[in-house]
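# Coordinate inspection notes
Read off the chains here:
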Amino acid sequence: MDVHPSHEAATLTSDEYVLRVRTAPFACVLSDSARNHPVWQMQAVWFRPEEGAWQRVVQAELTVVETERLALQLATEDGSPLAFDITFAEQQLSLNLRSGVEGGAWLAVDLHARADEHYLGFGERFDSLDQRGKEVDLWVEDGAQGGLTYMPVPFFLSSAGYGLHVDTEVRCLARMATPDDPGIVSIRNGAPSLSMTVLPGRTLKEI
């Protein structure tokens, strides 16, 4: 793994993938180095306090740059601090967000959704195989119809070439390129922390 830092950006590279993190404006992009195109992209981070509205992260500062790890200090529009830790090792990208505000209620990330991208997973579902265009409620309900399930799984496969696992024990909403915002996948976790693992691969079997 190689690392190439600057004041406003850092790049971690492996044999097959390149991770680029930019602070102004904030963005994280994982690219396939052989095909030279993005596989997964985080476009925004959001925080909502217990009593208040969603606040977008507008400031980011790199505080740690190591061979396989980056750490950033983030701040929202109202100055709420967030800590963001990124580890890129063994072809897995681990992301950990934590709020520094007491009484934090939700954390969310917006991922780029391609126009032709499709999403499989989330456990037992009763609506359709492809979850594009859906708001998926990752919550156990004593019901087995429509968007309700008693066997939710916080993991999905993307046709863009990655899988994403959300490490959560609370209610989590996944807005999968819904009609009102088709260019965005929004993962919203009902806690002041959010941990995810991105698993890139050239085939669904590999992922």
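The model shown is predicted, which means the values in this text are computed figures rather than measured ones.

Parameters and conventions
Residues numbered from 1 in each chain as written. Predicted model: local features only at pLDDT ≥ 70, side-chain atom pairs only at ≥ 80, totals over all residues. Heavy atoms only, no water. Helix = DSSP H or I, 4+ residues; strand = E, 2+ residues; numbered from the N terminus. Rg over C-alpha atoms; globule rule 2.2 N^0.38 Å. Buried < 20%, exposed > 50% of the residue type's maximum accessible area, 1.4 Å probe, protein only. Contact = heavy atoms within 4.5 Å. Areas by Shrake-Rupley, 256 points an atom, 1.4 Å probe, with all protein chains shown as cover. Lys, Arg positive; Asp, Glu negative; His and termini not counted. Charge placed at Lys NZ, Arg CZ, Asp CG, Glu CD. Core = buried A, V, L, I, M, F, W, Y, C linked by side-chain atoms within 4.5 Å. Salt bridge = Lys/Arg side-chain N within 4 Å of Asp/Glu carboxyl O. Phe/Tyr/Trp six-rings, centres within 6.5 Å; stacked < 30°, edge-to-face > 60°. Lys NZ or Arg CZ within 6 Å of the ring centre and 35° of its normal. pLDDT = per-residue confidence, 0-100.

A separate point is the overall build of the chain. Secondary structure assignment for the chain yields zero helices and 17 strands. For the chain, whose C-alpha radius of gyration is 17 Å, the value lies close to the compact-globule estimate of 17 Å for 207 residues. For the chain, the proportion of its 207 residues judged to be buried stands at 45%. Across the chain, contacts joining residues at least 24 apart in sequence account for 52% of those joining residues at least 6 apart. Of the accessible surface of the chain, which amounts to about 10,100 Å², a share of 49% is contributed by carbon and sulfur atoms. Taking the average location of the 16 positive side-chain charges in the chain and that of its 30 negative ones, the two points are 5 Å from each other.

What follows is about the nonpolar core. Counting 48 residues, the largest nonpolar core has Trp 40, Met 42, Leu 74, Phe 84, Ile 86 and Tyr 162 as its most contacted members. A total of five residues in this core trace back to one element, the largest contributor, which is strand β5 (residues 37-49). Not counting chain neighbours up to four residues away, the residues in contact with Met 42 comprise Phe 26, Ala 27, Cys 28, Phe 84, Leu 95, Val 109, Asp 110, Leu 111 and Met 196.

On inspection of all chains with the given rule, the structure shows eight salt bridges. Residue Arg 202 is joined to Asp 32 by a salt bridge in which the shortest nitrogen-to-oxygen separation is 2.7 Å. Taken together, the residues span a long stretch of sequence, with Arg 202 in the segment after β17 (193-200) and Asp 32 in strand β4 (residues 26-32) at a distance of 170 residues. Here Asp 32 falls in the buried class, since its relative accessible area comes to 3%. Two residues, Arg 171 and Asp 137, come together in a salt bridge whose shortest N-O distance is 2.6 Å. In this pair, Arg 171 sits in the loop between β14 (162-166) and β15 (172-176) while Asp 137 sits in strand β12 (residues 135-138), placing the two residues 34 residues apart along the sequence. When its relative accessible area of 30% is taken as the criterion, Arg 171 is described as partly exposed. With relative accessibility at 19%, the residue Asp 137 sits in the buried group. Where salt bridges share partners, they join Glu 16, Asp 32 and Arg 202 into one cluster.

Moving on to the packing of aromatic side chains. To describe a pair of aromatic rings, one takes the distance between the centres and the angle between the planes. The final tally for this structure, using the stated rule, is four aromatic pairs. Aromatic pair Phe 122 and Phe 156: ring centres 5.4 Å apart, planes at 35°, arrangement tilted. Linking Phe 122 in strand β11 (residues 119-123) with Phe 156 in strand β13 (residues 152-158), this pair joins segments that are 34 residues apart in sequence. Each member of the pair, Phe 122 together with Phe 156, is buried. Ring-pair connections join several aromatic residues into one group, and the members of that group are Tyr 119, Phe 122, Phe 156 and Tyr 162. A cation over an aromatic ring shows up here: Arg 202 above the ring of Tyr 17, its NZ or CZ 6.0 Å from the ring centre.

Of all residues except glycine, most have a negative phi; of all peptide bonds, most are trans. Of the consecutive residues Ala 24 and Pro 25, the connecting peptide bond is found in the cis state with omega at -10°. The residue Pro 25 is located in the loop between β3 (17-23) and β4 in this model. Although it is not a glycine, Glu 90 adopts a positive phi angle of roughly 55°. Structurally, Glu 90 can be placed in the loop between β8 (81-89) and β9 (92-99).

A few words on the confidence of the model for the chain. Summing up the model confidence of the chain, the mean pLDDT is 90 and the portion of residues at 70 or higher is 93%. In the model, residues 1-5 has pLDDT below 50 throughout and makes 20 contacts with residues more than four positions away in sequence or in other chains.

A separate point is the environment of Thr 23. Along the chain, Thr 23 falls in strand β3. The exposure class of Thr 23 is buried, given its relative accessible area of 9%.

In this structure, Glu 169 sits in the loop between β14 and β15. Counting along the chain gives 20 residues from Glu 169 to Asn 189, while the straight-line C-alpha distance between them is 9.4 Å.

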